[in-house]
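Structural characterization, general
Okay, here's what each chain looks like letter by letter:
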Amino acid sequence: MTTIINNNEIIIPDFRNTPLIDQVGTEERVSRFTKRSIKNEAKEAGLSMVLSMIDLTTLEGADTQGKVKQMCYKARHLHDSVPGLPTVAAVCVYPSLVSVAKKELIGTDIKVASVATAFPAGQTPLKVKIADTQFAIDQGADEVDMVISRGRFHSGDYNYVFDEIASIKNICNDVRLKVILETGELGALDKVRRASDIAMHAGADFIKTSTGKIKPAATLPVTLIMLEAIRDYHEKTGIMVGMKPAGGISNSKLALHYLIMVKEVLGDAWLTNRWFRFGASSLANDVLKQIVKLRTGRYQSNDYFSID
Amino acid sequence: MSKGVKYKNEKRLEILKTYKIYIGGKFPRTESGRYYNPLDSKGNILGNICLSSRKDFRNAVVAARSASVGWSARTAFNRSQILYRLGEILEGRRAQFIEELKIQGSTSAKAEKEVNNSIDRLIYYAGWCDKYQQIFSSVNPVSSSYYNFSVCEPMGVVAIIAPEENSLIGLVSVIAPVVAGGNTCVVLASESKPLCSVTFAEVINSSDVPGGVINILTGNAKELAGHFSSHMDVNAIIYSRTDKEELKNIQINASENMKRVFYWKSDWFSVKAQNPYKIRDLQEIKTTWHPIEQIGGAGSGY
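Residues numbered from 1 in each chain as written. Chains lettered and ligands numbered in written order. Predicted model: local features only at pLDDT ≥ 70, side-chain atom pairs only at ≥ 80, totals over all residues. Heavy atoms only, no water.

**Notes on the overall build of chain B**
Summing up its helical and strand segments, chain B has ten helices and ten strands in all. The C-alpha atoms of chain B give 21 Å as radius of gyration, which agrees with the globular expectation for 302 residues (19 Å, within 12%). Projected onto its principal axes, the C-alpha coordinates of chain B cover approximately 85 × 40 × 30 Å. Taken over 302 residues, chain B has a buried fraction of 50%. Taking contacts inside chain B between residues at least 6 apart in sequence as the whole, the part at least 24 apart equals 76%. Looking at chain B as shown, the accessible area adds up to about 14000 Å², and 52% of this sits on carbon and sulfur atoms. Of the side chains in chain B, 37 bear a positive and 29 a negative charge, and the two mean positions are spaced by 3 Å. (Helix = DSSP H or I, 4+ residues; strand = E, 2+ residues; numbered from the N terminus. Rg over C-alpha atoms; globule rule 2.2 N^0.38 Å. Buried < 20%, exposed > 50% of the residue type's maximum accessible area, 1.4 Å probe, protein only. Contact = heavy atoms within 4.5 Å. Areas by Shrake-Rupley, 256 points an atom, 1.4 Å probe, with all protein chains shown as cover. Lys, Arg positive; Asp, Glu negative; His and termini not counted. Charge placed at Lys NZ, Arg CZ, Asp CG, Glu CD.)

Structure representation (structure tokens):
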């Protein structure tokens, strides 16, 4: 499968022929990532990097302006009693709350990401999805997290999925587009690879595992397959695509395993929050607890950290 | 290695028990992979016992913390039933405990007494589960139009360094009042006599005690006491050994997050070792002011 960029002519590959994935091999490879020993200074640097890559997220029907304001405060002030901490990369909210977040984050480098395209199910017509996305952009979103039509994907209607992503990309301009594959609904790793390839060829700036509403959400094997798809795409086209595992990553140790995987699959170029993000709500506190533990030698308690 | 029941007419290799630690309702080996060999009075090795590390302790605290919400929300009556059940199951395994106590150096008579007292102690605290609240709570007279009352609430996660001698009755005597009051705990068992402490974990495991409510580690107090007392997510610590220097360090460490520190020393065989004040030790008292329309003198209620 190749994308040929020749005289400005782009030839889109046949997505029925994407690579097949050896699941057993993938799981064995992944188990290696969990056995690296990272201690002391390296651990603290890693944890600090994790913090800087978090998309602090709240995507609940019950979200209020107050909840979003509180989360934005946390994004700016992760734990003021520890000097020298980074801020998170972005906050991630529903379109109706983008303007609230935007206002709260004036004067910071923290981006506002909005989910769109009838998140999380994506079961609406394309024009509704475009309107949804346009609204988020008009409200000031710096990044848009869209969902693909999993039903169409399962029906083999890859062109529809491709065109849908391309149409959303079309209205995004400078806004970075993250494409959520919802891997928990895709099934086999082969499908994950295929959906990743479709999303990247259609113009995704980021590919993202999950909405966080379906279990399983992000897992190490799924992320590995997506990282390999990014690597192959970069080798063929020279275009860098970002990666965002989301959902289910709630402790520091696991987050470090993800960073190790990124480093070993894609290299240092991806180890910044421009190219790698964690979609998470409770990860930040666990990382903060570990950092304070490293500095004080005392295991920490939730009692001394802000409530998510 | 422990000497189990001998079969007269059969030649067979004895299957020896692997003594493991008890965290979150499971029996893992220590994360550190280390072990030690306590000896009996004749110098025989009692077993390969897990030498727990600070990470085992950390994992145990996480388990205890997550079990804390559910355990403290159980009805007092249900906690009572579960403690009673512990006694029932221990009763059914008397022979095994007597055997292990003897291997650890006790005499037949003393071992039997220790097991009997341990069962009785569990039943004693089972009885107190739904009664201490009435004794220690109060409605307080105040000179204004408020209804003022004080009630007991469990402290949360309690770290316990269990007695070194009397590894069964000592262990039961420090655990029972803590969990009777709705707390969860992480216990460091006797270092020199750990066998029946680990076997007691099996009793806990088959007694409807939710995973994480009682966690039992084996290992060295000198190594672990610092972590037991400095962990910020531990609300109280009970020390029941004799090293005054160790106790002092525990008190210093505990001051960081204002852990309650208790020094429980007793003749554990005596009935004096059991009383509801041990339950009270691990309770915080919450006092609530509630407005009423008229003060008592006017004949009003609340």
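Read on for the rest.
**Digging into the sheet that holds strand β7 (residues 176-180) of chain A**
All names here are of chain A. In spatial order, the strands read β9-β8-β7-β6-β5-β4-β3-β10; together these eight strands make up an open sheet with parallel pairing. Two strands bound the open sheet, and with one partner strand each, they are β9 (242-244) and β10 (278-280). Each adjacent strand pair in this sheet contributes to an overall mean axis angle of 25 degrees, direction not counted. Where strand β8 (residues 206-208) and β9 come together, three bridges link them in parallel fashion. For Lys208, the partnering residue across the bridge sits in β9 and is Lys244. Those strands touched by helix α7 (residues 158-172) are β6 (143-147) and β7, and its axis lies near 160 degrees from that of β7. Along the sheet face, helix α9 (residues 220-237) touches β8 and β9 and points at about 170 degrees away from the line of β9. (Pairing = 2+ DSSP bridges. Axes fitted to C-alpha atoms, helices over the stretch in contact; angles between N-to-C directions.)

**Some words on the sheet that holds strand β3 (residues 138-140) of chain B**
Residue and element names in this part refer to chain B. Spatial strand order, β3-β4-β10: three strands in an open sheet with antiparallel pairing. Each edge of the open sheet carries a strand with a single partner, namely β3 and β10 (283-291). Taken pair by pair, the neighbouring strands of this sheet meet at an average axis angle of 25 degrees, ignoring direction. Pairing geometry for β3 and strand β4 (residues 146-154), over three bridges, is antiparallel.

**Some remarks on the pattern of salt bridges**
By the definition in use, this model includes 38 salt bridges over all chains. A salt bridge links A:Glu264 to A:Arg29; its shortest N-O distance comes to 3.4 Å. Within this pair, whereas A:Glu264 is found in helix α10 (residues 252-265), its partner A:Arg29 is found in helix α1 (residues 23-33), the two being separated by 235 residues in sequence. Of the charged contacts in the structure, one is a salt bridge between B:Asp130 and B:Lys131, with a shortest N-O distance of 3.0 Å. (Salt bridge = Lys/Arg side-chain N within 4 Å of Asp/Glu carboxyl O.)

**Digging into the interface of chain B and chain A**
Many structure descriptions define interface size as the accessible area lost when the parts assemble. On the side of chain A, nine residues touch chain B, which itself brings ten residues to the contact. Counting the surface lost from both chain B and chain A, the interface buries some 980 Å², and carbon and sulfur atoms represent 43% of this. Among the residues of chain B in contact with chain A, B:Arg54, B:Arg58 and B:Met232 are the three that bury the most area, contributing 47% of the side total. Counting every contact that joins chain B to chain A gives one salt bridge. With its nearest N and O atoms 3.9 Å apart, the salt bridge here joins B:Glu256 to A:Arg298. Our count for the contact surface shared by chain B and chain A stands at five residue pairs in polar contact (both at pLDDT 80 or more). Here the side of chain B that touches chain A takes three residues from helix α1 (residues 54-73) of chain B, the largest share from any one element. (Buried area = accessible area lost by both parts, 1.4 Å probe. Polar contact = N/O pair within 3.5 Å; in protein donor to acceptor, adjacent residues only side chain to side chain.)

**Digging into unusual backbone geometry**
Residues and elements named next belong to chain A. Residue Pro120 is bonded to the preceding Phe119 through a cis peptide linkage, with omega at 0 degrees. Residue placement: Pro120 occurs in the loop between β5 (111-116) and α5 (126-138). Backbone geometry at Asn173 places phi at a positive 50 degrees, although glycine is not the residue there. When you line up the elements, Asn173 lands in the loop between α7 and β7.

**Comments concerning the nonpolar core**
Of all hydrophobic cores here, the largest spans 90 residues; its most connected members are A:Val50, A:Ile54, A:Val91, A:Ile165, A:Val179, A:Phe278 and A:Leu283. For this core, the element with the most residues is α9(A), which contributes nine residues. If you look at the next biggest cluster of nonpolar residues, it comprises 57 residues, including B:Trp71, B:Trp128, B:Val187 and B:Trp264. (Core = buried A, V, L, I, M, F, W, Y, C linked by side-chain atoms within 4.5 Å.)

**Details of the packing of aromatic side chains**
Residue and element names in this part refer to chain A. In total, this model carries twelve aromatic pairs over all chains according to the counting rule given. Between the aromatic rings of Tyr258 and Phe278, the centroid separation amounts to 6.1 Å while the plane-to-plane angle is 85 degrees, which identifies the pairing as edge-to-face. Taken together, the positions of Tyr258 in helix α10 and Phe278 in strand β10 put the pair 20 residues apart, joining distant regions of the chain. Take Phe278: its relative accessible area is 0%, and that puts it in the buried class. (Phe/Tyr/Trp six-rings, centres within 6.5 Å; stacked < 30°, edge-to-face > 60°.)

**Notes on the packing of helix α2 (residues 40-52) of chain A against helix α11 (residues 283-296) of chain A**
Residue and element names in this part refer to chain A. Where α2 contacts α11, the two axes come as close as 10 Å, and the packing angle between them is 155 degrees. The orientation of α2 relative to α11 falls into the category roughly antiparallel. Here α2 runs over α11; the crossing is left-handed. Only Leu283, Ala284, Val287, Leu288, Gln290, Ile291, Leu294 and Arg295 of α11 make contact with α2, whose side of the interface consists of Asn40, Lys43, Glu44, Leu47, Ser48, Val50 and Leu51. Across the contact of α2 with α11, the residue classes tally to nine nonpolar, three polar and three charged. (Parallel < 35°, antiparallel > 145°, perpendicular 65-115°, else oblique. Left-handed = near helix turned anticlockwise from the far one by under 90°. Nonpolar A, V, L, I, M, F, W, Y, C, P; charged D, E, K, R; others polar.)

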